[in-house]
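A closer look at the structure
Chain residues, written in single-letter form:
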Amino acid sequence: MPCLSSVLSSFFAIVDPRSFPPLLICLALAIVLSATCRRRKIQENERKDEAPLPPGPRGFPVVGFLPFLVPNLHQCFMQLARVHGPIFKLWIGTKLYVIISSPLLAKQVVQDFDATFANREPNAAARVFSYGGKDIGFAPYGAQWKTLRKIFVREMQSPWNLDALYVHRQVELAKRIEEIEGKVGTPIDVGDLAFRTVINMISRMFWGGTLDEHRAVQIGDEFREAVMRLMTIIGKPNVSDFFPVLARFDVQGIERDMKEVVSWMGEIFEFAIDRRIANAGKAKGGRDFMKILLDYEDEETGRSFSLEQIKALLMDVVVGGTGTTTTIIVWTMTELMVNPFALRRVQAELSEVVGLDNAVEESHVPRLTYLHAVVKETLRLHPAAPLLLPRSPIETCNVGGYAIPKGAKVFLNVWVMHIDPEYWVDPLAFHPERFLREGMISADYKGGCPFYMPFGAGRRICAGLALGERMLTYIIATFLHLFEWEPPHGRTVDLSERLGVVLEKLTPLVAVPRIRVHHSEKQEVGE
Ligand code: HEM
C-alpha cells in the first residue's frame, strides 16, 4: 500500500461532490460512524484485556494517519519507530495497523506466537487475485491453506522434483544467453532480461514443455504484460481497505480492474491446463508442477484440487515468484557493478569452480560460497518484501507488553532489522564477507535468525524459497560467468530504491554486456 496519501485525492477525484451531494453525505456519515464504532470497540476490549494498545502517532479524526503516509513505507515506518518505539500502531480509517521493528519482538510474532499470527486477511484487490483466498499467500490459516502449501513446498519443490525440472530452467536460460550474445556491446535493461528469464522458466516448469514452442513464447509474453498490470493494481492504495463499509462501492474501480486481469490470466491458465490434460504423458523432464496439482487426491477424502484452487496457486507463483526473484537479480548485479572488488572475487570463484571452458550448471552452485554470501548480503540490504506480507492474529495477543487485537494488520519491518547496528557491524556497507564468518552460520534463509529474514519466517515463510533460491543463483552465476557488465558510457549506477509491490530499483539497471567466456566453448543444452 505505497503512497497512501494519494488515496483521498484520488477518491475525491472519482466521486465528484457536486454531482452526488446526497451520496457523498451518506458516505461521509457511514465513514464517521463506522470509524468511531470500530475504534471504540477496540478500546473497550483494551480496557477488558488490561494490556494497552501500542503507542503511536495520533493522526486526524476519521482518516487517522492516512494523510501523513509517504511513499517508501519501510523508511516512513523507520522514522516513526524512532519516535514511538519498536512496536507502534497506526489508525488508517477504521483499520488498525501495528508495525514491529525489533528482532526481539519479531521473534515473538514468528516463533513464540507463530500459530496465532499465521493468519492473513487479504485486502479487496487480493481477495479477487486469490479467488477469495483460495491460494497460499492470502488464504486464512486453516486446513485448505495447509494442504495446498504442503503439496507446493514438499512435493512440487522437493529437491528430487526440482532436479528433474532442471532441464526447463536450462533451456530457458540458454535462450536468454543467445539473446545477450546478439546484443553484446549495446545497452540492455537487466530487469527486463531477468524478468523474461524467470517468467519463462516458471511457465515451462508448469506446462512441462507440453505446449508448442510458439504458444509457450506467446504465453510468456502475455503473462509479462498481465503481471505488470497486476502489480500496478495491487500497489494502488484502496479506500475500500481503510473503510470496509465502502468496499461494496469500489469507488476507485480497483476491484473491477483486478477482476478484468484475473479473468484474462484465468483463461490462459485454463488453456494451459486443458492442453496439459490432453497431452498427459508427453511432458519432458520429470513431473511438472501442473501434473502434480492435477494428480493430487486427498488420502482421506479422495478430493482433488478445484480449478479455482489451481488457478489461485498459479497466480501466486506467476505474480509472487517473478517480481521478487527479478528484483533480487537486479539488486545483486547493481551491487556488484558498484563494488568491483566483490565482482572480481565472484568471477574468480566462477572460473575456479565452473572453469573457463564450461557453462554454469546448477550442480556447481552449492560450491559457489562467495556468490552465496553476495546474494545474502544483497537480500539483507534490499529485501524484496521489506515489510513481509501482513499478518492478522486470530485472537488478541500480547506482544512486548502491548495488546495486538484480533484482526489488526501486523507488519514486520525486516528492512530496519537488517540494518540494526545492534546486530550488524557497519550495517549500511555492502560487505558479503560478513556472511563467511563463523558466527553468521545461523543467518540463513529459514527464518530462524530474527535479525535476518529476507524470506520471512514461521509458518508463513516464503512458500517458493527452494525454487526462488535455485533460479536466483543459477541465473546470476550464468550472467556473471559468461559476460562482463558495465554501465553505458558516461552513466553511473545508482542505488536509489522504490517500494511498490516489491522493493525495486528506482531507475532501471541498464548495462552493456561483453563476452567473458566464449559461446563455442560452452556445453550444449540437451532438450
Ligand atoms: C528471491 C526470491 C523471493 C523472495 C525474496 C521472496 C520473499 C517472500 C517473502 C518475504 C514472503 C512473506 C513471508 C512472510 O510473511 O513471512 C513470501 C511469501 C510467499 N512467497 Fe516468496 N519470495 C521469493 C520467491 C518466490 C517464488 C519463486 C515463489 C513461487 C514459486 C514464491 C511464492 C511465495 C508464496 C506463495 C508466499 C506466501 C506464503 C504463505 O503465505 O504461506 N516466492 N515470499
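**Looking at the overall build of the protein chain**
Tallying secondary structure elements over the protein chain gives 19 helices and ten strands in all. The burial tally for the protein chain puts 55% of its 527 residues in the buried class. Long-range pairs, those at least 24 residues apart, make up 77% of the contacts in the protein chain between residues at least 6 apart in sequence. Carbon and sulfur atoms provide 56% of the accessible area of the protein chain, an area that totals close to 22,500 Å².

**Here we look at the sheet that holds strand 1 (residues 87-92)**
On the basis of which strands lie adjacent, the open sheet formed by three strands has the order 1-2-6 and mixed pairing. Strand pairing shows two members of the sheet lacking a second neighbour, strand 1 and strand 6 (409-412), which therefore form its edges. Looking at each pair of strands side by side, their axes are set apart by 25 degrees on average, direction ignored. Pairing analysis gives six bridges linking strand 1 to strand 2 (residues 95-100), with the strands arranged antiparallel. When the bridges of strand 2 are listed, isoleucine 87 appears paired with isoleucine 100. Contacting strand 1, strand 2 and strand 6, helix 3 (residues 73-84) runs over the sheet at an angle of about 120 degrees to strand 1.

**Describing the coordination of the iron atom of the ligand**
The protein gives the iron atom of the ligand a lone donor atom, Cys462 (SG), placed 2.3 Å from the metal. Here cysteine 462 is to be found in the loop between helix 18 (414-417) and helix 19 (465-482).

**Quick word on the site of the ligand**
Near the ligand there are 31 residues, and of these Arg120, Arg149, Arg391, Arg460 and Cys462 occur at the shortest range. Separating an oxygen atom of the ligand from a side-chain N or O atom of tryptophan 145 is a distance of 3.1 Å. The biggest single contributor to the shell around the ligand is helix 15 (residues 307-338), with six residues. A per-class count over the shell around the ligand returns 19 nonpolar, seven polar and five charged.

**Some thoughts on the packing of helix 17 (residues 369-381) against helix 19**
Two elements in contact, helix 17 and helix 19, have axes separated by 11 Å at closest approach and are oriented at 115 degrees. Here helix 17 lies roughly perpendicular to helix 19, going by the angle between them. As for the relative orientation of helix 17 and helix 19, their crossing is right-handed in sense. Contacts from Leu371, His372 and Val375 of helix 17 reach helix 19 at Glu469, Leu472, Thr473, Ile476, Ala477 and Leu480. Its residues assigned to classes, the contact of helix 17 with helix 19 comprises six nonpolar, two polar and one charged.

Thresholds applied
Residues numbered from 1 in each chain as written. Predicted model: local features only at pLDDT ≥ 70, side-chain atom pairs only at ≥ 80, totals over all residues. Heavy atoms only, no water. Helix = DSSP H or I, 4+ residues; strand = E, 2+ residues; numbered from the N terminus. Buried < 20%, exposed > 50% of the residue type's maximum accessible area, 1.4 Å probe, protein only. Contact = heavy atoms within 4.5 Å. Areas by Shrake-Rupley, 256 points an atom, 1.4 Å probe, with all protein chains shown as cover. Pairing = 2+ DSSP bridges. Axes fitted to C-alpha atoms, helices over the stretch in contact; angles between N-to-C directions. Donors = N, O, S within 2.8 Å, 3.2 Å for Na, K, Ca; no water. Near = heavy atom within 4 Å. Polar contact = N/O pair within 3.5 Å; in protein donor to acceptor, adjacent residues only side chain to side chain. Nonpolar A, V, L, I, M, F, W, Y, C, P; charged D, E, K, R; others polar. Parallel < 35°, antiparallel > 145°, perpendicular 65-115°, else oblique. Left-handed = near helix turned anticlockwise from the far one by under 90°.

Purely geometric stuff here, so don't read any function into it on its own.
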